[in-house]
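# Remarks on the overall topology
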Amino acid sequence: MRIGELAEAVGVTTRTVRHYHHLGLLPEPDRRANGYRDYTLRHAVTLARIRRLTELGLGLAEVRDVLADDAGKDLVEVLTELDEDLARQESALRRRRERLRALLEAEELPPEGPVSPELAGLFAGIPASDSPMAARDREVLALIDTAAAPEERERLMAAVGAVLASPEAVARAHEAYALLDALADADPDDPRVEAAARRLAECTPRELLPQTADVDQDHAFLRALYADFAPAQAEAIRRTLRLLARDGRP
């Protein structure tokens, strides 16, 4: 058989056959006097086996291991590992679909979404606000929701939820947002900075402090956080963290 006939018989392309030659998966056949490859039934059998193995999900390196073992004693081990990997993928896909279903069934998706159901519930309980600082706060919570480890995210979301559990607490948070918004064009030494810091500390869970660094040290996350605000706002947040780190409340 010529290469086109082999490829057609097994249901692959001639480019695939050449690729398997290049990788050493399919032995090169003898050539006729005219230079054309002369494929045999054995080549077709091997090529068909490669196709079956790849359709099961094996990578080409795993296929090479299976083909190298003439007795086939490693095939059960390889297929068992593949089955376990597919089971993990199936479980992960099921969890993703459950989360997607919860988002689709929600009455309203937050603009920062998609977020976890826990954070979506927190956002739903917070009255709408046109405060730029409130919007930034929601973005930071969405970042934590995405980047934190599951246990850490659960702890932080519980802390935020506890602070926002009452209308009075939500009102204090919005008052802090207003004080911070007013610092957008202020100087860092503006006397309003200290007042904003103290009010923000009153409604910020101490659990939201960075767990792995001193708030006065050169910490990458804090540098990025401060850089995202106007100078006076950044100074107010810096003082807030110092107040919380000192004794938990002003």
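Check the entry above for the structure.
Below: a short report on this structure. These numbers come from a predicted model, not from an experiment. (Residues numbered from 1 in each chain as written. Predicted model: local features only at pLDDT ≥ 70, side-chain atom pairs only at ≥ 80, totals over all residues. Heavy atoms only, no water.)

### A word on the packing of aromatic side chains
Each aromatic ring pair is specified by the distance between its two centres and by the angle formed by the two planes. Applied cut-off: Any two of the Phe, Tyr and Trp rings considered here, Trp counted by its six-membered ring, make a pair once their centres fall within 6.5 Å; the pair's planes then place it as stacked at under 30 degrees, edge-to-face at over 60, or tilted in between. Lysine and arginine charges are scored as sitting over a ring when NZ or CZ, respectively, is within 6 Å of the ring centre and within 35 degrees of the ring normal.
A complete count under the given rule lists 0 aromatic pairs for this structure. Directly above the aromatic system of Tyr-36 lies the positively charged group of Arg-2, at a separation of 4.0 Å from the ring centroid. Looking at Arg-238, its charged tip hangs above the ring of Tyr-226, at a distance of 4.2 Å from the centre.

### A short note on helix 8 (residues 150–163)
The criterion, for reference: Note on conventions: DSSP H or I runs of at least 4 residues are helices, E runs of at least 2 residues are strands, and numbering of each starts at the N terminus. Take the residue count of a helix, subtract one, and multiply by 1.5 Å to get its expected span. Three labels apply to residues, based on accessible area from a 1.4 Å probe with only protein chains included: buried if under 20% of the type maximum, exposed if over 50%, partly exposed otherwise in between. Taken from the helix axis, the directions to the C-beta atoms give the arc we talk about.
For helix 8, built from 14 residues, the straight-helix expectation of 20 Å at 1.5 Å per residue is met to within 8% by its first-to-last C-alpha distance of 20 Å. Three or more residues of helix 8 are buried, namely Leu-156, Met-157, Ala-159, Val-160 and Val-163. Summarising the axial view, the buried residues of helix 8 lie within an arc of 155°, below the 170-degree limit, and thus occupy one face. Exposed residues on helix 8 whose side chains face more than 90 degrees from its buried face are Pro-150, Glu-151, Glu-154 and Ala-162.

### A short note on the environment of Ala-169
In plain terms, the rule: A contact between two residues is defined here by any heavy atoms of the two lying within 4.5 Å.
Along the polypeptide, Ala-169 turns up in helix 9 (residues 167–181). Those residues in contact with Ala-169 that lie beyond four places of it in its chain are Val-163 and Leu-164.

### Regarding the side chain of Thr-204
We count it as follows: Polar contacts, as used here, are pairs of N or O atoms within 3.5 Å; protein pairs need one atom able to donate a hydrogen and one able to accept it. Residues neighboring in sequence count only if both atoms are side-chain atoms.
By secondary structure assignment, the location of Thr-204 is in the loop between helix 10 (192–202) and helix 11 (220–227). In terms of polar contacts, Thr-204 uses its side chain to reach the backbone carbonyl oxygen of Leu-200, at 2.6 Å.

### A word on helix 1 (residues 3–10)
What helix 1 keeps buried is the set Ile-3, Leu-6, Ala-7 and Val-10. Buried residues along helix 1 cover an arc of 95° about the axis, so they all sit on one side. Turned more than 90 degrees from where helix 1 packs its buried face, Glu-8 and Ala-9 sit exposed. Here the buried face of helix 1 lies against helix 2 (14–23) and helix 3 (41–56). Of the residues trailing helix 1, Gly-11 is marked for its positive phi of about 90°.

### Some points on the pattern of salt bridges
How we decide: A pairing counts as a salt bridge when a side-chain nitrogen of Lys or Arg comes within 4 Å of a carboxyl oxygen of Asp or Glu.
A full pass over the atoms with the stated rule returns 14 salt bridges. Notably, a salt bridge pairs Glu-28 with Arg-37, separated by 3.0 Å at the nearest N-O pair. Between Asp-228 and Arg-136 there is a salt bridge, with the nearest N and O atoms lying 3.9 Å from each other. With Asp-228 in the loop between helix 11 and helix 12 (231–247) and Arg-136 in helix 7 (residues 132–147), the pair connects residues that are 92 residues apart, well separated along the chain.

### Notes on the packing of helix 3 against helix 4 (residues 60–68)
Selection criterion: Note on geometry: axes are C-alpha line fits, over the in-contact stretch for helices, and angles between N-to-C directions span 0 to 180 degrees. Geometric relationships in this document are graded by angle, where less than 35 degrees denotes roughly parallel, more than 145 denotes roughly antiparallel, 65 to 115 denotes roughly perpendicular, and other angles denote oblique. Here is the rule for handedness: rotate from the far helix to the near one, and if that takes an anticlockwise turn smaller than a right angle the crossing is left-handed, while a clockwise turn gives right-handed. Polar here means any residue outside two lists: the nonpolar Ala, Val, Leu, Ile, Met, Phe, Trp, Tyr, Cys and Pro, and the charged Asp, Glu, Lys and Arg; Gly therefore counts as polar.
Two elements in contact, helix 3 and helix 4, have axes separated by 10 Å at closest approach and are oriented at 130°. When the axes of helix 3 and helix 4 are compared, the pair comes out oblique. When the axes of helix 3 and helix 4 are compared, the crossing they make is right-handed. Of the residues in helix 4, those touching helix 3 at Arg-49, Ile-50, Leu-53 and Thr-54 are Leu-60, Val-63, Val-66 and Leu-67. Classifying every residue of the contact of helix 3 with helix 4 by side-chain character gives 6 nonpolar, 1 polar and 1 charged.

### Description of the environment of Pro-114
Here Pro-114 shows up in the loop between helix 5 (75–105) and helix 6 (117–124). When the C-alpha atoms of Pro-114 and Arg-99 are compared, they prove to be 9.5 Å apart, with 15 residues separating the residues in sequence.

### Some details on the nonpolar core
Just so we agree on the cut-off: Throughout, nonpolar core names a set of buried Ala, Val, Leu, Ile, Met, Phe, Trp, Tyr and Cys residues whose side chains join them through atoms within 4.5 Å.
The biggest cluster of nonpolar side chains holds 21 residues, and the ones touching the most others in it are Leu-180, Leu-183, Leu-200, Tyr-226, Phe-229, Ala-236 and Ile-237. Going through the elements one at a time, helix 7, helix 9, helix 10, helix 11 and helix 12 are the ones with two or more residues in this core. Ranked by residue count, the leading element in this core is helix 12, at 5 residues. Discounting residues that sit within four places of it in the chain, Ile-237 has contacts with Leu-200, Leu-225, Tyr-226 and Phe-229. Ile-3, Tyr-39, Ala-44 and Leu-53 belong to the second largest nonpolar core, which has 20 residues in total.

### Some thoughts on a negative patch on the surface
In plain terms, the rule: Two joining distances apply to patches: 9 Å for like charges and 5 Å for nonpolar side chains (Val, Leu, Ile, Met, Phe, Trp, Tyr), and every residue must have over 30% relative accessible area and no salt bridge. For the area figures, the Shrake-Rupley method with a 1.4 Å probe applies, and any residue is considered shielded solely by the protein chains shown. In this charge count, Lys and Arg are treated as positive and Asp and Glu as negative; neither His nor the chain ends contribute. Positions of charges follow a simple convention, taking NZ of Lys, CZ of Arg, CG of Asp or CD of Glu.
Together, Glu-62, Asp-65, Glu-77, Glu-81, Asp-83 and Glu-84 make up a negatively charged patch on the protein surface. Contributions of two or more residues to the negative patch are made by helix 4 and helix 5. Assignment of secondary structure puts Glu-84 in helix 5. Owing to a relative accessible area of 43%, Glu-84 belongs among the partly exposed residues under this scheme.

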